[in-house]
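A structural walkthrough
Here are the chains, one letter per residue:
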Amino acid sequence: MKSIRTGDRGPAVEDVQRRLRQLGYDIGPTGVDGYFMGRTASALGSFRDALGMGGEPVVDDVTWSALVDATFTLGDRMLYLRLPHFHGNDVRVLQKALNALGFACGQVDGIFGTYCERALGEFQRNVGLVADGIAGDDSVRAIYGLRHIWEGKNARPHSAANAAPARAACVIARTPFEVAGADETGRDAAERVANLAAATTPEARARLVDVDAPQGPEARFRMVLCGDGTPSAAAGCPVVRVEPEEALAARLLTAFEASRSTGREVVIEVGRLSVDDERMLQRVAVRVLDAVCAVFDGRTVAC
């Protein structure tokens, strides 16, 4: 972005002023007027000083990113585990609430990591929601519904609560596999599976590949994801549907064992999902990766 300095004016300045005012800084009696000078420059200087940035009151890329992070409100966006990690004030509020409610997500650092995903899933399960570790509208409403319990309380979790990742990172680290998409929906879901694995552990051995690429010699198996209907390129391979979710790991295990005669390749039909349905596509990725972890956690699969 083009840096904003004293004397500049326009819509970008108005955005900066709104965010500073939202954070409680005094931007002067004229309020959001689009002029970057006087009280606005002083307010920005104070904001930078509070973050240990100091220096001239300029809105550069780093300052703008810090302003955006600081002004996210829980519910402004959907939060889930990914790389790069979601970070900001909304994540910090979520972490404080979960910790205070007894669902341990570790240090309140404003970064949505593996512990936060696990804690959120446990909270969802506790209040009767789908435990997918995704902070969407329903989960945010449930969190705010308990605001009288967690707001202003100690953000440290109950002593009986233990911070832990949502899935077995060791399984992802020791199990090399490939994931590909056969159509637009499948490609989006496949990218999310690979990204989720990498976000779970930096030692993940999941590799996103093209559906037509030859299978790597180290891969124990390949999953080809598609929206609906087995792709011709994978004809003859075992097919698993994501829905119903119950016993998905068992169905996937059966498919892996059957794939020994079909090149260690399994087709996973995720259903007719819109590529704009971020929540469902991420939920599919969570379900698929969790099923893989369940299959290979302490189990030998000959595929």
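See the structure above.
Structure report, in brief. Just so you know, the residues in each chain are numbered from 1, in the order the chain's sequence is written. Selection of residues for local features in this predicted model requires a pLDDT of at least 70, selection of side-chain atom pairs for listing and counting requires 80 or more, and totals for whole chains, interfaces and linings are taken over all residues. Side-chain metrics in this entry use all non-hydrogen atoms of the structure; hydrogen atoms and water are not considered.

With that settled, consider the overall build of the protein chain. Helix and strand definitions follow DSSP, with helices as H or I runs of at least four residues and strands as E runs of at least two, each counted in order from the N terminus. Within the protein chain, the regular secondary structure consists of 11 helices and 5 strands. In terms of overall dimensions, the protein chain has a C-alpha envelope of 75 × 45 × 30 Å along the principal axes. The cut-offs for exposure are 20% and 50% of the maximum accessible area for each residue type, with area from a 1.4 Å probe on protein chains only; residues under the lower value are buried, those over the upper are exposed, and the others partly exposed. Scored against the burial criterion, the 303 residues of the protein chain give a buried share of 47%. What makes two residues a contact is simply this: any of their non-hydrogen atoms within 4.5 Å. Counting only contacts in the protein chain whose residues sit at least 6 apart along the sequence, the fraction spanning at least 24 positions is 64%. When charges are tallied, Lys and Arg are placed among the positive residues and Asp and Glu among the negative ones, while His and the ends of the chain are skipped. In plain terms, the charge of a residue is placed at NZ if it is Lys, CZ if Arg, CG if Asp and CD if Glu. Side-chain charges of the protein chain comprise 35 positive and 40 negative groups, with the mean position of each set lying 3 Å from the other.

What follows is about the packing of helix H9 (residues 184–200) against helix H11 (residues 278–296). At a minimum axis distance of 8 Å, the contact between H9 and H11 shows a crossing angle of 60°. Our classification of the angle between H9 and H11 gives oblique. Seen along the crossing, H9 lies across H11 with a hand that is right-handed. In this structure, H9 contributes Thr185, Asp188, Ala189, Arg192, Val193, Leu196, Ala197 and Thr200 to the contact, and H11 contributes Glu278, Leu281, Gln282, Val284, Ala285, Val286, Val288 and Leu289. Ten residues, namely Ala, Val, Leu, Ile, Met, Phe, Trp, Tyr, Cys and Pro, are considered nonpolar, four, namely Asp, Glu, Lys and Arg, are considered charged, and the remaining ones, Gly among them, are considered polar. Grouping the constituent residues of the contact of H9 with H11 by class yields 10 nonpolar, 3 polar and 3 charged. Every axis corresponds to a line fitted to the C-alpha atoms, with the helix fit spanning only the stretch in contact, and the corresponding angles, defined between N-to-C directions, vary from 0 to 180 degrees. Each angle is binned into one of four classes, with values under 35 degrees roughly parallel, values over 145 roughly antiparallel, values of 65 to 115 roughly perpendicular, and all other values oblique. For any helix crossing, the convention is left-handed if the near helix is rotated counterclockwise from the far helix by under a right angle, and right-handed if that rotation is clockwise.

What follows is about the nonpolar core. Only buried residues count toward a nonpolar core, which is a set of Ala, Val, Leu, Ile, Met, Phe, Trp, Tyr and Cys residues joined through side-chain atoms within 4.5 Å. Formed by 60 residues in total, the largest nonpolar core has its most connected members in Leu94, Leu98, Phe112, Ile143, Met223, Leu252 and Ile268. At 11 residues, the largest contribution of residues to this core is made by H11. Discounting chain neighbours no more than four positions away, the residues touching Leu98 are Phe103, Cys105, Cys116, Ala119, Leu120, Phe123 and Ile143. The next biggest cluster of nonpolar side chains, apart from the first, holds 13 residues, and it includes Val16, Phe36, Phe47 and Leu67.

Turning next to the environment of Asp69. Considering the arrangement of structural elements, one finds Asp69 in helix H3 (residues 61–71). Distance from Asp69 to Val179, taken between C-alpha atoms, is 33 Å for residues 110 residues apart in sequence. A distance of 2.5 Å separates a polar atom in the side chain of Asp69 from a polar atom in the side chain of His87. Nitrogen and oxygen atoms within 3.5 Å of one another constitute a polar contact, given that in protein one can donate a hydrogen and the other can accept it, and given that sequence-neighbouring residues count only through two side-chain atoms.

Turning to its location among the elements, Thr40 is positioned in helix H2 (residues 38–50). The spatial distance from the C-alpha of Thr40 to the C-alpha of Val16 is 8.8 Å, given a sequence separation of 24 residues. In this structure, Thr40 is in contact with Gln17, Leu20, Ile27 and Tyr35, ignoring residues within four places of it in sequence.

This part covers the packing of aromatic side chains. Pairing of aromatic side chains here covers Phe, Tyr and the six-membered ring of Trp, requires ring centres within 6.5 Å, and sorts the geometry by plane angle: under 30 degrees stacked, over 60 edge-to-face, intermediate tilted. Following the criterion strictly, the structure yields 8 aromatic pairs and no others. Aromatic pair Tyr80 and Phe86: ring centres 5.2 Å apart, planes at 85°, arrangement edge-to-face. A single burial state applies to Tyr80 and to Phe86, both of which are buried. Ring centres of Phe221 and Phe256 lie 4.3 Å apart, and the angle between their planes is 40°; on these two criteria the pair is classed as tilted.

Judged by pairing direction, the sheet is parallel, and its 5 strands sit side by side in the order E2-E1-E3-E5-E4 without closing on themselves. Two strands in the sheet have a free side with no partner beyond their single neighbour: strand E2 (206–208) and strand E4 (239–241). Across the sheet, the mean angle separating the axes of adjacent strands is 25° when strand polarity is ignored. Sheet topology note: the strand E3 (residues 221–226)/strand E5 (residues 265–269) ladder contains 5 bridges and is parallel. Residue pairing in the sheet places Arg222 in a bridge with Glu265 of E5. The strands touched by H9 are strand E1 (177–181), E2 and E3; relative to E1, the strand with the most contacts, the crossing angle is about 150°. Strands are treated as partners if at least two bridges between them are detected by DSSP.

Right, let's talk about the pairing of E3 for a bit. For E3, a buried count of 6 out of 6 residues is recorded, marking the element as mostly surrounded by other parts of the structure. Of the two faces of E3, the one holding Phe221, Met223 and Leu225 and the one holding Arg222, Val224 and Cys226 are both buried throughout. Pairing analysis gives 5 bridges linking E1 to E3, with the strands arranged parallel. Within E3, the position partnered with Gly181 by the bridge is Leu225.

A few words on the environment of Val275. Secondary-structure assignment places Val275 in the loop between E5 and H11. When the C-alpha positions of Val275 and Ser259 are compared, they lie 28 Å apart, and in sequence the two are 16 residues distant. Apart from residues no more than four positions distant in its own chain, Val275 is found in contact with Glu184, Thr185, Asp188 and Leu281.

By salt bridge we mean one thing: a side-chain nitrogen of Lys or Arg within 4 Å of a carboxyl oxygen of Asp or Glu. A full pass over the atoms with the stated rule returns 21 salt bridges. Taking the shortest distance from any N to any O, the salt bridge between Glu56 and Arg5 comes out at 3.6 Å. Taken together, the positions of Glu56 in the loop between H2 and H3 and Arg5 in the segment before helix H1 (11–22) put the pair 51 residues apart, joining distant regions of the chain. Overall, the relative accessible area of 49% leaves Glu56 in the partly exposed class. What makes Arg5 partly exposed here is its relative accessible area of 41%. Here Arg287 ties to Glu243 by a salt bridge, and the two come within 2.2 Å at their closest N and O atoms.

Functional significance is not addressed by these values, which are geometric in nature.
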